[in-house]
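Each chain, written out:
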Amino acid sequence: MNLSFRDTAQKVLQYIKAKFPEANPEFGRFGSLPEETPAILVYAEPHSESNDSMGAKNIRLMKFTIFALIGGNSATEESVFQSIELLEKVEDALMELSR
């Protein structure tokens, strides 16, 4: 099954939405941050290189950048720690896709 760039990005976002609905995952937009947290922002872009892998030529690669934001704490460092912990959970969930 071949997925287009758009289809792949949307499937990844839908997967994250299903796993973390409380964080309101959405595609990120340059120069814009959500007004409410928690939030997960997903950025998808074409990878700049093609990959010749296992005899398949010109496999297109995608790069995903994911931001997790949690605010509302009076201690800035606590917001940072909680944001990183959410991002680690997202990363773990995405690793499930490759199994």
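The structure presented is a predicted model; accordingly, all values stated were derived computationally and were not measured.

Re the overall build of the protein
Phase 1: Helices and strands together make up the secondary structure of the protein, namely two helices and five strands.
Phase 2: Along the protein, helices and strands appear, N-terminal first, in the series α-β-β-β-β-β-α.
Phase 3: Looking at the protein as a whole, 20% of its 99 residues are labelled buried.
Phase 4: Within the protein, counting contacts between residues at least 6 apart in sequence, those at least 24 apart form 45% of the total.
Phase 5: Approximately 7,500 Å² of the protein is accessible, and the part contributed by carbon and sulfur atoms is 52%.

Examining the packing of helix H1 (residues 5–19) against helix H2 (residues 76–97)
Phase 1: Packing of H1 against H2 leaves a shortest axis separation of 11 Å and a crossing angle of 125°. As judged from the angle between their axes, H1 and H2 are oblique. Seen along the crossing, H1 lies across H2 with a hand that is right-handed. Residues Val12, Tyr15, Ile16 and Lys19 of H1 touch H2, and the partners they reach there are Val90, Ala93, Leu94, Glu96 and Leu97.
Phase 2: Tallied by class, the residues present in the contact of H1 with H2 amount to seven nonpolar, no polar and two charged.

Section: a nonpolar patch on the surface
Phase 1: On the surface, Val80, Phe81 and Ile84 cluster together into a nonpolar patch covering about 270 Å² of accessible area.
Phase 2: When you line up the elements, isoleucine 84 lands in helix H2.

Examining a negative patch on the surface
Phase 1: Together, Glu77, Glu78, Glu85, Glu88, Glu91 and Asp92 make up a region of like negative charge exposed at the surface.
Phase 2: Mapped onto the elements of the fold, glutamate 91 is located in helix H2.

Section: the sheet that holds strand S5 (residues 62–69)
Phase 1: Spatially, the three strands line up as an open sheet ordered S1-S2-S5, and their pairing is mixed. Both outer strands of the open sheet, strand S1 (26–27) and S5, are each paired with one neighbouring strand and no more.
Phase 2: Sheet topology note: the strand S2 (residues 39–46)/S5 ladder contains eight bridges and is antiparallel. Within S5, the position partnered with leucine 41 by the bridge is phenylalanine 67.
Phase 3: Relative to S5, H2 is tilted by about 145°, and along the sheet it contacts S2 and S5.

Digging into the nonpolar core
Phase 1: Within the largest apolar cluster, 13 residues are counted, with the highest numbers of intra-cluster contacts made by Ile16, Phe20, Ile40, Val42, Ile66, Leu86 and Val90.
Phase 2: Where this core is concerned, the elements lending two or more residues are H1, S2, S5 and H2.
Phase 3: In terms of residue count, the dominant contributor to this core is H1 (four residues).
Phase 4: In this structure, isoleucine 40 is in contact with Ile16, Phe20, Ala23, Asn24, Pro25, Glu26, Ile66, Phe67, Ala68, Leu86 and Val90, ignoring residues within four places of it in sequence.

The rules behind these values
- Counting starts from 1 at the beginning of each chain's written sequence and moves along it residue by residue.
- Note on the predicted model: pLDDT of at least 70 is required for a residue's local features to be given, and 80 or more for side-chain atom pairs to be given and counted; whole-chain, interface and lining totals, by contrast, use all residues.
- Excluding hydrogens and water, the side-chain figures rest on all heavy atoms present in the structure.
- The helix count covers DSSP runs of H or I at least four residues long, the strand count covers runs of E at least two residues long, and both are numbered beginning at the N terminus.
- For every residue, the accessible area obtained with a 1.4 Å probe (protein chains only) is divided by the maximum for its type, and the residue is called buried under 20%, exposed over 50%, and partly exposed between those limits.
- Every residue pair with non-hydrogen atoms within 4.5 Å of one another is taken to be in contact.
- The Shrake-Rupley method, run with a 1.4 Å probe sphere, supplies the accessible areas, and residue values consider only the shown protein chains as cover.
- Angular values range over 0 to 180 degrees, each being the angle between N-to-C directions of two axes fitted as lines to C-alpha atoms, with helices fitted over their stretch in contact.
- Roughly parallel refers to an angle under 35 degrees, roughly antiparallel to one over 145, roughly perpendicular to one between 65 and 115, and oblique to any angle outside these ranges.
- Definitions for this section: a left-handed crossing has its near helix turned counterclockwise from the far helix by less than a right angle. A right-handed crossing has that turn clockwise.
- Each residue gets one of three labels, nonpolar for Ala, Val, Leu, Ile, Met, Phe, Trp, Tyr, Cys and Pro, charged for Asp, Glu, Lys and Arg, and polar for the others, Gly among them.
- The residues that make up patches have over 30% relative accessible area and no salt bridge, and they are joined within 9 Å when like-charged or within 5 Å when they are Val, Leu, Ile, Met, Phe, Trp or Tyr.
- Between Lys or Arg on one side and Asp or Glu on the other, a salt bridge is scored when a side-chain nitrogen of the former is within 4 Å of a carboxyl oxygen of the latter.
- We treat Lys and Arg as the positive residues and Asp and Glu as the negative residues; His and chain ends play no part in the count.
- Every charge is mapped to an atom, namely NZ of Lys, CZ of Arg, CG of Asp or CD of Glu.
- Here, any two strands with at least 2 DSSP bridges between them count as paired.
- Residue types Ala, Val, Leu, Ile, Met, Phe, Trp, Tyr and Cys, when buried and joined through side-chain atoms within 4.5 Å, form a set referred to as a nonpolar core.

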